[in-house]
Amino acid sequence: MKFDIRDINLADKGQLRIEWAKQSMPVLSLVKERFAEEQPLRGIKVSACLHVTTETANLMDTLKAGGAEVALCASNPLSTQDDAAASLVKHFGVPVFAIKGEDKETYYRHIESAIEFGPHITMDDGADTISVLHSQRRDLIPQVIAGTEETTTGVIRLKNMEKKGVLAYPVIAVNDAQTKHFFDNRYGTGQSTIDGILRATNLLLAGTRFVVCGYGWCGRGVAMRAKGMGSNVIVVETDPLRALEAVMDGYTVMRIAEAAKVGGIFVTVTGDIHVLRREHFLEMKEGAVICNSGHFNVEIDIDALEAMALSRRPIREFVEEYTLPNGRRINLLGEGRLINLASAEGHPASVMDMSFANQALSVEFAVKNRGRLEKKVYSVPEEIDSTIARLKLKAIGITIDELTEDQKKYLASWDMGT
Ligand SMILES: NC(=O)c1ccc[n+]([C@@H]2O[C@H](COP(=O)([O-])OP(=O)(O)OC[C@H]3O[C@@H](n4cnc5c(N)ncnc54)[C@H](O)[C@@H]3O)[C@@H](O)[C@H]2O)c1
């Protein structure tokens, strides 16, 4: 079996951490049990391009239990957990092509290696596999049944492909399932982004002016958790509705040009390009910390920062200090890549449980509907979403009320008033 990882000797440590994550993934475990019995993915090859973490290892295990053959590469050069990668190779027999800190060239070579075996299903977090298949390996496209996409930025890219008529096979937007983005993007990114900042800096959040750029699903989570730690949170938005929501949620909302002057810590979670740029760096206070939790490392204009800096030095692991011509220092965390995965461990397993149950069930859905789906971006079927919510509630021991017959009748009527 071909693979390319940091060090196979890390496998035993990885195996224990994978087991630890599994304990918080009851829904995915139930899917795995059923898959093992029913073998819905027998004969199916899956090329997965995901953050190589302990939670992803459990997803790979689930797909294999269902009969699939899988190959895995990283969806970000800094997000790989080398011990999880080693265990996947040694204990789970999964070919993994991912090394934490790999350069751009290796990153793309690894994607090519993971699609080399000719997938029937592509599984993406950021649409990189689909992008490589469509631009360089069109020969492999005819046998692809469908793809799945994990994140907001990937779904945006795929919808653009669909609009331009270039999407060559159907894709299921796992991100758009409610049991995904309501929880993973909000509570997962919220907690793990704070975790990443703390592990990288050990700064005190209480009393800090904490600027969150983007008040979408992720931004709401980051703002909520920063507030909980005692920060004064400032929200920067371009969408009037979301800005208004941030105001009513109790945050200060202002333009980035103003926030740049007062912020202590800045987090970008917009999915957009150059949200923090040259003119903002020049306004920032001495010691300001900037980082990103959006999918690509384009939200902070790092080229501009490098071009204007008089000097730079790594001052701690995951912290690069830049000295600007005005004498002030700015600290960039994790090379501007997703900070929750660069310096921390990404989302807790409990939320990935639902995201990855959506992935597994979406693959099953695509295989069952082979040949019946169009070259479009599909939502996750509602039954999958509600099944996952029900199973998660059951797993955490919570029972909810059911509508009485009377209530069902009332809610279905139009003529019953006071
Ligand atoms: N770190 C992680 O683990 C993780 C997890 C999930 C999603 N993501 C990524 O995070 C990003 C955001 O995802 P989301 O689900 O919150 O998306 P979203 O679409 O719900 O929110 C993005 C928000 O950013 C705002 N925005 C866009 N450009 C802006 C700008 N220039 N200045 C200020 N605000 C701007 C938009 O109006 C929107 O409200 C995406 O790239 C997504 O792929 C990361």
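Residues numbered from 1 in each chain as written. Predicted model: local features only at pLDDT ≥ 70, side-chain atom pairs only at ≥ 80, totals over all residues. Heavy atoms only, no water.

### Remarks on the site of the ligand
Quick reminder of the rule: When at least one non-hydrogen atom of a residue lies within 4 Å of a molecule or strand, that residue is treated as near it. Two N or O atoms count as a polar contact when they lie within 3.5 Å, although within protein this holds only if one can serve as hydrogen donor and the other as acceptor, and sequence-adjacent residues are included solely when both atoms are side-chain atoms. Surface exposure here means Shrake-Rupley accessible area, sampled with a 1.4 Å probe, where a residue is shielded only by the protein chains that are shown. Each residue is assigned to one of three groups, with Ala, Val, Leu, Ile, Met, Phe, Trp, Tyr, Cys and Pro labelled nonpolar, Asp, Glu, Lys and Arg labelled charged, and all others, Gly among them, labelled polar.
Taken together, 25 residues are adjacent to the ligand, and Thr151, Thr152, Thr153, Glu237 and Ser293 come closest. Take Glu237: an N or O atom from its side chain is 2.5 Å from an oxygen atom of the ligand. For the ligand, an oxygen atom lies 2.8 Å from a polar atom in the side chain of Asn340. Surface burial for the ligand is 87%, taken as the share of its 860 Å² of free accessible area covered by protein chains. Tallied by class, residues from the shell around the ligand come to six nonpolar, 15 polar and four charged.

### Topic: the pairing of strand 11 (residues 288–292)
Formally: Each residue is assigned to one of three classes by its accessible area relative to the maximum for its type, calculated with a 1.4 Å probe on protein chains only: buried under 20%, partly exposed between the two thresholds, exposed over 50%. A run of DSSP states H or I qualifies as a helix once it reaches four residues; a run of E qualifies as a strand once it reaches two. Both are numbered from the N-terminal end. DSSP bridges decide pairing: two strands pair if at least two such bridges lie between them.
With five of five residues buried, strand 11 is to be regarded as a mostly interior element. A two-sided burial pattern is seen for strand 11, the buried positions comprising Ala288, Ile290 and Asn292 on one face and Val289 and Cys291 on the other. Relative to strand 11, strand 10 (residues 265–268) is paired through four bridges, and the arrangement is parallel. Paired with Phe266 across the strands is Ile290, a residue of strand 11. Bridge count between strand 11 and strand 14 (residues 329–333): three bridges; the pairing is parallel. Considered in strand 14, the bridge of Val289 is made with Asn331.

### A look at the environment of Cys291
With respect to the helices, strands and loops of the structure, Cys291 is situated in strand 11. Sequence separation between Cys291 and Ile265 is 26 residues; the distance between their C-alpha atoms is 8.0 Å.

### A word on unusual backbone geometry
With a phi close to 50°, Gln39 is a non-glycine residue in the positive phi region. In this fold, Gln39 is placed in the loop between helix 2 (26–38) and strand 1 (45–50). The exposure class assigned to Gln39 is partly exposed, which follows from its relative accessible area of 22%. Backbone geometry places Glu335, a non-glycine residue, at a positive phi of 55°. Tracing the backbone shows Glu335 in the loop between strand 14 and helix 14 (339–342).

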